Amino acid sequence: MAYWLLKSEPDVYGIDHLARAPKRTSAWEGVRNYQVRNYLRDDFRKGDQGFFYHSSCPVPGIAGIVKVVRAGYPDASAWDRKNQYFDAGSTREEPRWYCVDVQLVRRFKRVITLDELRTHGTRELAGLPLLMRGSRLSITPVNEAQWRFILALEPSH
DNA sequence: GCCAACGTTGGC
DNA sequence: GCCAACGTTGGC
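Just so it is clear, the model here is predicted, and its values are computed rather than measured. (Residues numbered from 1 in each chain as written. Chains lettered and ligands numbered in written order. Predicted model: local features only at pLDDT ≥ 70, side-chain atom pairs only at ≥ 80, totals over all residues. Heavy atoms only, no water.)

## Comments concerning the sheet that holds strand S4 (residues 61-74)
Our working definition: When DSSP finds two or more bridges between a pair of strands, those strands are recorded as paired. Numbering of helices and strands starts at the N terminus; helices are DSSP runs of H or I of at least 4 residues and strands are runs of E of at least 2. Fitting a line to C-alpha atoms yields each axis, with helices limited to the stretch in contact; the angle taken between N-to-C directions then spans 0 to 180 degrees.
The sheet built from 6 strands is open, its strands ordered S2-S5-S4-S3-S1-S6 with mixed pairing. Of all strands in the sheet, those bounded by a partner on one side alone are strand S2 (25-28) and strand S6 (139-142). Taken pair by pair, the neighbouring strands of this sheet meet at an average axis angle of 35°, ignoring direction. Here S4 runs beside strand S5 (residues 98-113); their pairing, made up of 10 bridges, is antiparallel. Residue pairing for S5: glycine 61 is matched across the bridge by threonine 113.

Quick look at the structure:
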């Protein structure tokens, strides 16, 4: 089982939106970056878990945990002319973009902030893609040691 | 709103 | 295939 970090802007789609979704489940769609597309298409498995990260907001950080309930499948938003993520280059025969379905596992009792993660960036979280210079990908892998370490941060403070 | 970093586009 | 221009991301 793999671990991931999924970024979203809370104003657009935050963890509270997912909490209110039917079955607390939603498609993670609209990804239009090839590297992230490859993760979604090739590497995501049902049962994988992910951190739900809030970006572009007053306090960026990890707000909770999701699990993958459906592995990669073609992103239908690319076929919808009215959708802001429409892409005429993606067809049903040859889909260009992929998505997964995620279900909220739980919200953290507190947001584990980017600042706090950075304080561990040279030790336990060295190499975490989120903390790497220039890292902008909306989905990045998290290894098991990093996953466990971040989970253990939640009860402290 | 700024701007560093990085991806994409398109002319050549 | 190069690379300048442009667009996007996302922290600050």
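## Overview of helix H5 (residues 144-153)
Note on helix geometry: an α-helix contains 3.6 residues per turn, so any two residues three or four positions apart are oriented the same way. Cut-off, in case you're wondering: Throughout, exposure labels follow a simple rule: accessible area from a 1.4 Å probe, protein chains only, divided by the maximum for the residue type, with under 20% read as buried, over 50% as exposed, and the rest as partly exposed. Throughout, the arc means the angular range of directions from the helix axis out to the C-beta atoms. In the analysis that follows, any N or O atom pair within 3.5 Å is treated as a polar contact, provided that within protein one partner can donate a hydrogen and the other can accept it, and provided that, for residues neighboring in sequence, both atoms belong to side chains.
For H5, the set of buried residues is Gln146, Trp147, Phe149, Ile150 and Leu153. One side of H5 carries all its buried residues, which in axial view fall inside an arc of 170°. Residues of H5 that are exposed and point more than 90 degrees away from the buried face comprise Ala145, Arg148 and Ala152. For H5, the N-terminal cap is asparagine 143; the gap from its side-chain oxygen to the backbone nitrogen of alanine 145 is 3.1 Å.

## Section: helix H3 (residues 34-43)
Stated formally: In this analysis, two residues are considered to be in contact whenever any of their non-hydrogen atoms come within 4.5 Å of each other.
Looking only at H3, the buried set comprises Val36, Arg37, Tyr39 and Leu40. Down the axis of H3, the smallest arc covering the buried residues is 155°, so these residues share one side. Buried-residue contacts for H3 involve strand S1 (3-8), S4, S5 and S6. The opening residue of H3 is asparagine 33, an N-cap whose side-chain oxygen sits 3.0 Å from the backbone nitrogen of glutamine 35.

## Concerning the protein's contact with DNA strand C
What counts, and what does not: We call a residue near a given molecule or strand whenever any one of its heavy atoms falls within 4 Å of it. Each residue is assigned to one class: nonpolar for Ala, Val, Leu, Ile, Met, Phe, Trp, Tyr, Cys and Pro, charged for Asp, Glu, Lys and Arg, and polar for all the others, Gly among them.
The local shell around DNA strand C consists of Lys7, Tyr53, Ser55, Ser56, Pro60, Leu114, Arg118, Arg136 and Leu137. Take the atoms of DNA strand C that sit within 4 Å of the protein: sugar and phosphate atoms are 72% of them. For DNA strand C, a phosphate oxygen lies 2.8 Å from a polar atom in the side chain of tyrosine 53. Separating a base oxygen of DNA strand C from a side-chain N or O atom of arginine 136 is a distance of 2.6 Å. By residue class, the composition of the surface near DNA strand C is 4 nonpolar, 2 polar and 3 charged.

## Side note on the protein's contact with DNA strand B
In the vicinity of DNA strand B, the contacting residues are Tyr34, Arg133, Gly134 and Arg136. Here DNA strand B approaches the protein such that, of its atoms within 4 Å, sugar and phosphate make up 72%. The separation between a phosphate oxygen of DNA strand B and a polar side-chain atom of arginine 133 is 3.3 Å. Taking arginine 136, its side chain carries an N or O atom lying 2.9 Å from a base oxygen of DNA strand B.

Fair warning: the whole summary comes from geometry, so function is off the table for now.
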